[in-house]
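Listed below, chain by chain, are the residues.
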Amino acid sequence: MTRSARFLKRSVALGAIALAALSLQPGAASAATEPAPSGGTPGTRVVGGVPAAQGEFPFMVRLSMGCGGALYRQDIVLTAAHCVSGSGNNTSITATAGVVDLQSSGAIKVKSTKVLQAPGYDGNGKDWALIKLARPINLPTLRTTTDGRYDQGDFTVAGWGATREGGGQQRYLRKATVPFVDTPTCQQAYGSTYIPGEEICAGIMSTGGVDTCQGDSGGPMFRKDDAGAWVQVGITSWGEGCARPGKPGVYTRVSAFSQDIAEAADQL
Ligand code: ARG
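- Going by an unreviewed UniProt entry, the chain carries the name Trypsin-like protease and comes from Streptomyces rimosus subsp. rimosus.

### Notes on the overall build of the chain
Line of reasoning, step 1. Per the secondary structure count, the chain includes three helices and 16 strands.
Line of reasoning, step 2. Here the chain, with 268 residues, has 54% of them falling under the buried criterion.
Line of reasoning, step 3. Summed over its atoms, the accessible surface of the chain is roughly 10800 Å², and 52% of this surface lies on carbon and sulfur atoms.

### Topic: the nonpolar core
Line of reasoning, step 1. Grouped together as the largest cluster of nonpolar side chains are 46 residues, with contacts concentrated most on Trp128 and Leu130.
Line of reasoning, step 2. Put simply, the parts of the chain that give this core at least two residues each are β3 (60-63), β4 (67-73), β5 (76-79), β7 (94-97), β8 (108-117), β9 (129-133) and α3 (254-267).
Line of reasoning, step 3. Top element by residues in this core is α3. It accounts for five residues.
Line of reasoning, step 4. Those residues in contact with Leu130 that sit more than four places away from it in its chain are Ile76, Val77, Leu78, Lys114, Val115, Leu116, Ile261, Ala264, Ala265 and Leu268.
Line of reasoning, step 5. Counting 13 residues, the second largest nonpolar core, distinct from the first, contains Val210, Met221, Val233 and Tyr251.

### Examining the pairing of strand β11 (residues 154-159)
Line of reasoning, step 1. Most of β11 is tucked away: five of the six residues are buried.
Line of reasoning, step 2. When β11 meets strand β12 (residues 174-181), the two strands line up antiparallel, connected through six bridges. Paired with Val157 across the strands is Ala176, a residue of β12.
Line of reasoning, step 3. Pairing geometry for β11 and strand β14 (residues 220-224), over two bridges, is antiparallel. By the bridge assignment, Val157 is partnered in β14 with Met221.

### Quick look at the state of the cysteines
By definition, a disulfide links two cysteine residues through a covalent bond between their sulfur atoms.
Line of reasoning, step 1. The tally for this structure, following the rule as stated, stands at three disulfides.
Line of reasoning, step 2. What pairs with Cys186 in a disulfide is Cys201, and their sulfur atoms sit 1.9 Å apart. Handedness here is read from the sign of the S-S torsion; for Cys186 and Cys201, about -75°, the answer is left-handed. On the criterion of sequence distance, the pair formed by Cys186 in helix α2 (residues 183-190) and Cys201 in strand β13 (residues 199-202) is long-range, its members being 15 residues apart. Just as Cys186 is buried, Cys201 falls in that class too.

Each value, and the rule that gives it
- Residues numbered from 1 in each chain as written.
- Predicted model: local features only at pLDDT ≥ 70, side-chain atom pairs only at ≥ 80, totals over all residues.
- Heavy atoms only, no water.
- Helix = DSSP H or I, 4+ residues; strand = E, 2+ residues; numbered from the N terminus.
- Buried < 20%, exposed > 50% of the residue type's maximum accessible area, 1.4 Å probe, protein only.
- Areas by Shrake-Rupley, 256 points an atom, 1.4 Å probe, with all protein chains shown as cover.
- Core = buried A, V, L, I, M, F, W, Y, C linked by side-chain atoms within 4.5 Å.
- Contact = heavy atoms within 4.5 Å.
- Pairing = 2+ DSSP bridges.
- Disulfide = S-S within 2.5 Å.

This is how it looks when you write it as structure tokens:
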């Protein structure tokens with residue numbers, strides 16, 4: 001892929017036309033909720049996921065621009081750089097937390113005060129951002145991995161994004177399990193568009209069928225650490241379509257940025 005095509009793919013401002021294949025665009029916040037599946041087959045519908053239980057992932061946040069996020073601190077959400085438009089004071093984002101059902105009366109809604117987009121973010125790699133909240137939310141945070149030792153195995157992804165390519169945003173949080181895809185395999189899938197030092201891939205290469213999709217961006221990819229606690233290894237970033245065979249999901253490699261993120265959070 002040429003550099004310009006790659007830039008196109010990563011540009012947030014392009015709108016729905018460029019969305020079809022390689023896309024970083026968050027799900028439109030206004031998109032209709034998909035109708036409930038009638039007799040839906042478990043495991044066929046994030047794509048290939050199942051509903052998460054209330055309280056199962058207490059750190060999960062939905063952002064009003066149509067992205068996911070995770071509580072990094074009680075007053076800071078970690079999300080994707082392509083979900084925000086820059087850095088600075090910003091009171092336009094609402095974070096919804098504490099519920100799997102976005103329409104629940106128990107939803108905790110807090111406005112943003114500031115945004116920090118990864119320094120040097122240009123649409124390729126470095127897809128992380130922090131959102132400072134107007135007040136802390138009294139829920140557990142999600143620890144980020146500080147080294148590469150958890151960059152392998154099976155990962156959990158979760159979000160309110162589409163359950164199929166072109167599908168609508170979801171009212172209820174969904175989750176799925178995706179296996180790690182190693183660097184050579186992901187390079188074969190995406191060529192130089194994939195930046196191994198900054199991105200980590202996951203998905204079922206042979207069959208596809210399970211993946212994050214539009215509107216899941218910014219949400220965490222996580223697994224259990226040696227102590228049995230959740231640890232964040234990725235941030236949902238992009239993929240060619242959703243859940244296609246041979247086209248894994250691409251996630252920000254959190255281990256590569258954990259120091260930068262920690263320092264940025266201290267200054268936010
Ligand atoms: N860029 C999308 C978003 O903004 C996430 C796409 C993830 N795609 C994938 N095939 N894993 O919501």
